[in-house]
Structure formats: structure tokens, C-alpha cells
Amino acid sequence: MTIVKATPETIHDAAAILRDGGLVAFPTETVYGLGGDATNGRAVAAIFAAKGRPSFNPLIVHVADAGAASRLAHLTPLARRLAAAFWPGPLSLVLVKQPDCPIADLATAGLDTIAVRVPAHPIARALLQAADLPIAGPSANRSGHVSPTTAQHVDADLGDKVALILDGGATPVGLESTVVDATGGTPVILRPGGVTRADIARVAGGRVEIAGGEETSRPASPGMLARHYAPATRIRLDARGAVPGEALLAFGAQVPHHAGPMVNLSPGGDLVEAAANLFSALRTLDAAGATAIAVMPIPDTGLGEAINDRLRRAARNL
Ligand code: TXA
Ligand code: MG
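Residues numbered from 1 in each chain as written. Chains lettered and ligands numbered in written order. Predicted model: local features only at pLDDT ≥ 70, side-chain atom pairs only at ≥ 80, totals over all residues. Heavy atoms only, no water.

### Points about the sheet that holds strand 12 (residues 235–236)
Spatially, the four strands line up as an open sheet ordered 12-15-13-14, and their pairing is parallel. What marks the edges here is a single partner per strand, and that holds for strand 12 and strand 14 (262–264). Bridge analysis of strand 12 against strand 15 (residues 293–295) gives two bridges, and the strand direction is parallel. Note on strand 15: the bridge partner recorded for isoleucine 235 is isoleucine 293. Set on the sheet, helix 8 (residues 271–286) makes contact with strand 12, strand 13 (247–250), strand 14 and strand 15; between it and strand 13 the angle comes to about 170 degrees. (Pairing = 2+ DSSP bridges. Helix = DSSP H or I, 4+ residues; strand = E, 2+ residues; numbered from the N terminus. Contact = heavy atoms within 4.5 Å. Axes fitted to C-alpha atoms, helices over the stretch in contact; angles between N-to-C directions.)

### Considerations on the sheet that holds strand 10 (residues 188–191)
Read from one edge of the open sheet, eleven strands run 1-8-2-3-7-4-6-5-9-10-11, paired in mixed fashion. Since the sheet does not close on itself, it has two edges, and those belong to strand 1 (3–5) and strand 11 (209–210), each with one partner. In terms of strand pairing, strand 5 (residues 91–96) meets strand 6 (residues 113–117) through four bridges, oriented antiparallel. Considered in strand 6, the bridge of leucine 93 is made with valine 116. Each of strand 3 (32–37) and strand 7 (135–136) touches helix 2 (residues 41–51); the most contacted strand, strand 3, lies at about 145 degrees to it.

### Quick notes on the domain arrangement of the protein
Its domain assignment divides the protein into domain 1 (2–224) and domain 2 (234–316). Just the C-alpha atoms count here: the centres of domain 1 and domain 2 sit 26 Å apart. Residue-level contacts link 25 residues of domain 1 with 16 residues of domain 2. Summing both partners gives a buried area of about 1,600 Å² for domain 1 against domain 2, and 51% of it is carried by carbon and sulfur. The largest share of the area that domain 1 buries against domain 2 comes from Val146, Leu175 and Pro192, three residues that together contribute 33% of it. Here arginine 283 ties to aspartate 157 by a salt bridge, and the two come within 3.5 Å at their closest N and O atoms. Summed over the shared surface of domain 1 and domain 2, the number is five residue pairs in polar contact (both at pLDDT 80 or more). Taken together, the residues of the side of domain 1 that touches domain 2 break down into eight nonpolar, eleven polar and six charged. (Domains from an automatic or database assignment. Buried area = accessible area lost by both parts, 1.4 Å probe. Salt bridge = Lys/Arg side-chain N within 4 Å of Asp/Glu carboxyl O. Polar contact = N/O pair within 3.5 Å; in protein donor to acceptor, adjacent residues only side chain to side chain. Nonpolar A, V, L, I, M, F, W, Y, C, P; charged D, E, K, R; others polar.)

### Here we look at the environment of aspartate 132
Position of aspartate 132 among the secondary structure elements: in the loop between helix 5 (122–131) and strand 7. Each C-alpha atom, one on aspartate 132 and one on leucine 111, is 24 Å from the other, the two residues being 21 residues apart in sequence.

### Comments concerning helix 8
End to end, helix 8 covers 21 Å across 16 residues, agreeing with the expected 22 Å (1.5 Å per residue, within 8%). Remark: the principal bend of helix 8, roughly 45 degrees, maps to leucine 278. Inspection of helix 8 places Leu271, Ala274, Ala275, Leu278, Phe279, Ala281, Leu282, Arg283, Leu285 and Asp286 among the buried residues, and these make up the whole buried set. Considering only its buried residues, helix 8 is in contact with helix 6 (151–158), strand 12, strand 13, strand 14, strand 15 and helix 9 (304–315). Where helix 8 begins, the side chain of aspartate 270 points an oxygen toward the backbone nitrogen of valine 272, at a separation of 3.0 Å. (Expected span 1.5 Å × (residues − 1). Bend = angle between axes of the 7 residues up to and from the residue. Buried < 20%, exposed > 50% of the residue type's maximum accessible area, 1.4 Å probe, protein only.)

### Comments concerning the pairing of strand 9 (residues 178–181)
As paired elements, strand 5 and strand 9 share four bridges and run parallel to each other. When the sheet's bridge partners are listed, leucine 91 is paired in strand 9 with threonine 178. Bridge count between strand 9 and strand 10: three bridges; the pairing is antiparallel. Residue valine 180 lies in a different strand from strand 10, and its bridge partner there is isoleucine 189. The hairpin turn running from strand 9 into strand 10, its antiparallel successor, is six residues long.

Following this line, the structure appears as C-alpha cells:
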């Protein structure tokens, strides 16, 4: 069993493993990350191997603060405004690497840009401080699988591949960070996530673009690959209800009667609560042996945009 409760001692142990080039899983406010020393090519290679991730898919690098970010990447005026508003928090900024950026090329998949994030979760922050390293941290799931929001999810996917899983309970946001290209003057959302489009527009003076091109083999944000975040069971979107044999992923107070497996993302219709419950619910229903998971409609506003993005990807056929 590699799961340990996060305490000052186990965080210290995890930091020592990272400095030695090993891998540890740790909670962030969004999802659990699979952490390795971002400056160590072997550690980064071990992350790709553990996840079974296509090597062109670059990783997010976690740092303690905007000062540490500016040593890795050039912070444009837009990046500084977004960082001031949302760091620490669920926002990753894609920026041009500094000429002397110490990050392993493999972590950025050979790109001249890097995605950096300052996480808000106290355990992630303590780990960054103890390790005193930039930590490469993709979501701690097998590539293409649902992101983990508990230590048990990590154990189920990667338990035999990681030296230690720091258990900090369920992650509060439950969706990955919003990935924003801030290399220019207008923010471009590469992946919707924990910070909403409206929040970003507000800080950027109303301007914000959304990246498309998800079907290309080398997309601007490889996390935008069409099928991603997927359970094994077929997903049926915009369902009014579930037929016998199906599982029901419900939302809101008006839920049709269903005798089979069901999870309600938020009986009160709260999108923040629904986001926090989404990946756990998909894992639970995926394990129910249903013919399909019928998903009730979820409003496409606020965090609903990121929730629907993940559900659409999960629904693509293999
Ligand atoms: O919430 C999160 O972001 C979590 C936690 C652990 O921090 N991490 C996470 O990392 O979701 P990952 O590796 O699963 O997703 C990274 C996303 C991918 O969509 C990737 O394509 C994109 O960031 N990305 C990374 N570097 C990029 C770059 N230089 N240019 C464009 N997109 C980039
Ligand atoms: Mg991921």
C-alpha cells in the first residue's frame, strides 16, 4: 500500500523522493497530480512511462509563486494580470520559455512554450516548498482515463508505478485547471477548467478566445485530443432518463425515476458541486457494469462549460 496520509513528515519524505528523481502523487485543488522533478529528464520520462502518455503531450509544471514562474518563462503583461487574479489557483499559463529555462525538454515535449501553474492546495504548496523544485505534474491517471480526485483513484490507476501517494482527501474543485495561452495580448483558452471563461474575460478587459482544432494529431493543447477523460462504458449525452441496463448520471432536483445505478452530481443544481463530483461519479458508474451511462443535460454556463467539455470527450467512440 503506497497511500499515506499527508503530514509534515510524509510531505518531507515525498520531497526527498522527488529530489532523488522518484515519482509521488499529490493532491492539488483541481485533481491529484503525478509529480516528478521537472528539471530531471529521467524523472519526466518516468512520468510519461507510468501514464502511458503520448510523448508529444507536454506536462504542466507546478511552482510555488509567480516569481518562480518568471524564472522558467516570460510573463507577458497579460500573464501578470491573470497570475495576480488567479494564482494560487486552478489556472495554467502557457508562456514562452526563458532562454536558460532549466526544465527538461521532454516535459515541454520540445516546444518553446511551457505551461506553468501555482497550485492553491496546502499540501501541494508544502510539497513545492519542501522539495524546492519545479514539479512536473500531469493528472495522476493512466493516459486518456478519468482524472483522479481521491488518493484511491490514483492507487487504482497507478498504484504500482508511484513510490508514494500523499492522501489529502477529495480534491475541492474536481476539474483540471483552465489552460490559457498568455503569450500574446489576448488570452486563448486551450482547455476549459476550474477558472471560468467569464472570470478570465473580466481580468482581460473582456477579450478571450477559445482554441479549436481538437481533431488534429498535434493540437495546440494536446489535452484537447478528441477522446480523453474517458471511462470504458459508453456515454450517452443529453439523456432525459435511463433505460433498463443503463446507469444514470443525474443533475438537479428533477430526476426521472431509475431503478439502476445512479449518481446525482448535484441535487441542488450547483455547478461547483457538480464539478467536484464529476470524475468520482464517472468512476463509480463505470464500475457498475451498465450497458451505457446516460447523462442528463447540464447547463453550459460557468463551470458547466468545463464539465460539458469533459463529458463530450468521454462520449467519443474509440
Ligand atoms: O489541474 C491540472 O492542471 C492538473 C493538476 C495536477 O495540476 N494537471 C493536469 O495536467 O491536468 P495534464 O498534464 O493532465 O494536462 C496538461 C494540459 C494538457 O492539455 C496539455 O496539452 C497542456 O496542458 N499543455 C501543457 N503544456 C503546454 C504547452 N506548452 N502548450 C500548450 N498546451 C500545453
Ligand atoms: Mg490529464
